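Observations on the three-dimensional arrangement
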Amino acid sequence: MDSDCICNFKKCRKRLSTFAWVTSCSHIFCDEDGTREFNKSYTCPACETSLSGKFDIIRIDLQPTEQYKSMVLAGQKPEIIMEVCSRAMSFWTYQSHQEKTYQEYVATKAKERIVQLEQYYEQLITRTATELNSYKSQLTATRKELESLKKKYSESSEKLMEKSRQYQKLQLLGKSWRVSRRNIVRAPKN
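This is a predicted model, so every value here is computed, not measured.

Topic: helix H1 (residues 31-40)
Buried within H1 we find Asp31, Asp33, Gly34, Glu37 and Phe38. For H1, the arc enclosing every buried residue in end-on projection is 160°, short of the 170-degree limit, so these residues lie on one face. Across H1 from its buried face, at more than 90 degrees, point the exposed residues Asn39 and Lys40. Contacts made by the buried residues of H1 are with strand E1 (19-23), strand E2 (28-30) and strand E3 (57-61).

Quick look at a positive patch on the surface
A contiguous patch of positive charge on the surface is contributed by Lys175, Arg178, Arg182 and Arg186. Here Arg182 lies in helix H3 (residues 78-186). The class for Arg182 is partly exposed, based on a relative accessible area of 45%.

Concerning the layout of surface pockets
Taken as a whole, the largest pocket spans an internal volume of roughly 1300 Å³. Of all the elements in the fold, those that place two or more residues in the lining of the largest pocket are E1, E3, helix H2 (66-71) and H3. Per-element accounting of the lining of the largest pocket gives the leading share, nine residues, to H3. A breakdown of the residues in the lining of the largest pocket according to their chemical character gives 19 nonpolar, six polar and six charged.

Re a nonpolar patch on the surface
Residues Leu117, Tyr120, Tyr121 and Ile125 make up a contiguous nonpolar surface patch of roughly 400 Å² in combined accessible area. By the element assignment, Tyr121 lies in helix H3.

Rules and cut-offs
- Residues numbered from 1 in each chain as written.
- Predicted model: local features only at pLDDT ≥ 70, side-chain atom pairs only at ≥ 80, totals over all residues.
- Heavy atoms only, no water.
- Buried < 20%, exposed > 50% of the residue type's maximum accessible area, 1.4 Å probe, protein only.
- Helix = DSSP H or I, 4+ residues; strand = E, 2+ residues; numbered from the N terminus.
- Arc of directions from axis to C-beta.
- Contact = heavy atoms within 4.5 Å.
- Patch = residues over 30% accessible without salt bridge, like charges linked within 9 Å, V, L, I, M, F, W, Y side chains within 5 Å.
- Areas by Shrake-Rupley, 256 points an atom, 1.4 Å probe, with all protein chains shown as cover.
- Salt bridge = Lys/Arg side-chain N within 4 Å of Asp/Glu carboxyl O.
- Lys, Arg positive; Asp, Glu negative; His and termini not counted.
- Charge placed at Lys NZ, Arg CZ, Asp CG, Glu CD.
- 1 Å grid on protein atoms, 1.4 Å probe; cavity = no way out; pocket = protein on both sides within 12 Å on 5 of 7 lines; lining within 4 Å.
- Points joined across faces, edges and corners; volume = space filled by probe spheres on them.
- Nonpolar A, V, L, I, M, F, W, Y, C, P; charged D, E, K, R; others polar.

Set out below in structure tokens:
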């Protein structure tokens, strides 16, 4: 896990690197969210704890100067220094635990979403496969119908050609009959 704290404001969650707001209820907020929220009220935006004490909310520099580091606890008894360090480590541990819990929650939600998406896409694939099989069946039936129509067309075409040939023969017979009848009618009688 990175060593940077993350803003505890639900809609922000950015990594903190410069100034931040720390609360006595062990939450930390970026400078923008902390300034905005604590100007509205002295209530923790993460847990809604009332922060009415003088040191319940403080603005800290996350990149303190070397001089500040040298002077911040100078002159304090070792017991106080250790107590301050212990509380700071507890704060850090709490933040690490909260981040771990949050990331586990996000991972769980992501896994649930993956399962939902897998189910959805499996259903979609099944439905698509069913539709595809239906279209294949329709295509097969249409091809069979097309072949049947082609066969009927071919048979009808052959019958038409046969009828045309018969008609032409009849026309020739009729023509030759008319010619022979004319010749009979024109022929002199003896």
